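Listed here are the chains, written in short residue letters.
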Amino acid sequence: MKLVIALALAPVSALVAPVAPAVSKTVLADAKSDLVDLQNTLPGPPGFYDPLGLADMSFALGMQGNADGGVGQEATIGWLRHSELKHGRIAMAGFLGFIAGCTPIVSGEHKFLPYRGYVANVSPQEQWDNIPLYGKLQIFTLIGMLESYGEGAGSPEGYVHYTKGGQPGYYPDIKGRVAGQIQLNLYDPFQFGFRSASPEAKARGLKTELLNGRAAMMGLFGLLSESSVPGSVPFLSKIEGFPHYSGNVMIPFEHDFSLFA
């Protein structure tokens with residue numbers, strides 16, 4: 001439990017706050033100025049910082065974007081803003097998942113095994129390695145399904161893609177999809193009314209989510225770095241019982257198959 005308490009008290013623990021994902025709809029003509037204004041209203045350094053000039057580029061996104069030599073600056077900014085929010089959300093889930101995977105409730109002995117081949121008291125990465133290949137493929141299938149809905153699959157009412165003036169970070173309602181099999185929305189599943197929050201509350205929620213997501217990305221990489229290279233993160237290396245992993249975290253199917261064997 002010392003490990004769990006120490007990890008929970010780490011600086012990135014602030015990322016647990018639930019927030020509403022968004023401000024008002026982006027107007028393409030003001031995409032760059034909106035981006036600069038948003039970043040400059042966040043607390044702390046460095047303000048708007050874009051050393052690679054990504055906000056001035058035109059990315060070749062999709063088949064049409066490649067054919068046209070790029071989708072334009074405004075669409076590129078929408079894509080970048082959406083990407084940061086999405087990566088932040090994944091990192092928040094991953095950071096908390098790593099901590100949960102270190103607890104006896106998850107990694108300890110179970111009367112009913114959660115999957116075939118389960119091994120108790122191993123690191124979170126080893127828990128993933130031990131999941132059968134078909135189990136992993138089911139997880140990736142679910143992720144792909146949710147990703148397609150987030151990109152507007154099925155043309156949900158009122159949805160505007162974030163590269164075409166839509167709201168970066170917006171996730172449409174999915175309740176009732178798949179012939180009614182999905183019974184909860186991914187965003188605000190218990191109908192707390194986040195979508196109907198005031199513009200001020202949504203603006204504050206966006207800033208909170210950005211900061212928490214950035215902290216979580218740094219925190220998750222810190223956990224993975226210390227786990228793979230003991231001593232690389234001095235704060236974590238001092239935690240008694242911190243889990244270490246000898247595999248390659250960048251090869252998720254390393255123990256299932258290899259394309260280069």
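Fair warning: this is a prediction, and the values are worked out from it, not measured in the lab. (Residues numbered from 1 in each chain as written. Predicted model: local features only at pLDDT ≥ 70, side-chain atom pairs only at ≥ 80, totals over all residues. Heavy atoms only, no water.)

Novice: Looking at this structure, I do not really get a nonpolar patch on the surface. What am I missing?
Specialist: Taken together, the side chains of Ile139, Phe140 and Ile143 define a hydrophobic patch exposed on the protein surface, amounting to about 260 Å² of accessible area. Inspection of the secondary structure puts Phe140 in helix H7 (residues 133-150). Overall, the relative accessible area of 39% leaves Phe140 in the partly exposed class. (Patch = residues over 30% accessible without salt bridge, like charges linked within 9 Å, V, L, I, M, F, W, Y side chains within 5 Å. Areas by Shrake-Rupley, 256 points an atom, 1.4 Å probe, with all protein chains shown as cover. Salt bridge = Lys/Arg side-chain N within 4 Å of Asp/Glu carboxyl O. Helix = DSSP H or I, 4+ residues; strand = E, 2+ residues; numbered from the N terminus. Buried < 20%, exposed > 50% of the residue type's maximum accessible area, 1.4 Å probe, protein only.)

Novice: It is not clear to me how unusual backbone geometry should be interpreted in this structure. Could you clarify?
Specialist: You will see that Asn121, though not glycine, has its phi angle at about 60°, which is positive. Take Asn121: it is sitting in the loop between helix H5 (104-107) and helix H6 (124-130). You will see that Val178, though not glycine, has its phi angle at about 55°, which is positive. Residue placement: Val178 occurs in helix H8 (residues 177-180).

Novice: I would appreciate a short explanation of the packing of aromatic side chains in the present structure.
Specialist: When we look at a pair of aromatic rings, we describe it by the centre distance and by the angle of the planes. With the rule as written, the count across this model stands at 11 aromatic pairs. An angle of 80° between the planes, with centres 5.5 Å apart, marks the rings of Tyr115 and Tyr118 as edge-to-face. Ring geometry for Phe140 and Phe253: centres 5.4 Å apart, planes at 40°, overall tilted. Highlighted residues: Phe140 in helix H7 and Phe253 in the segment after helix H10 (234-237), separated in sequence by 113 residues. One aromatic cluster is present, formed by Trp128, Phe140, Phe253 and Phe257 through successive ring pairs. (Phe/Tyr/Trp six-rings, centres within 6.5 Å; stacked < 30°, edge-to-face > 60°.)

Novice: Whenever I open this one, the confidence of the model for the protein confuses me. Can you help?
Specialist: Averaged over every residue, the pLDDT of the protein is 87; residues scoring 70 or more account for 89%. Counting contacts from residues 1-29, a segment whose pLDDT is below 50, to residues more than four positions away or on other chains yields 72 contacts. (pLDDT = per-residue confidence, 0-100. Contact = heavy atoms within 4.5 Å.)

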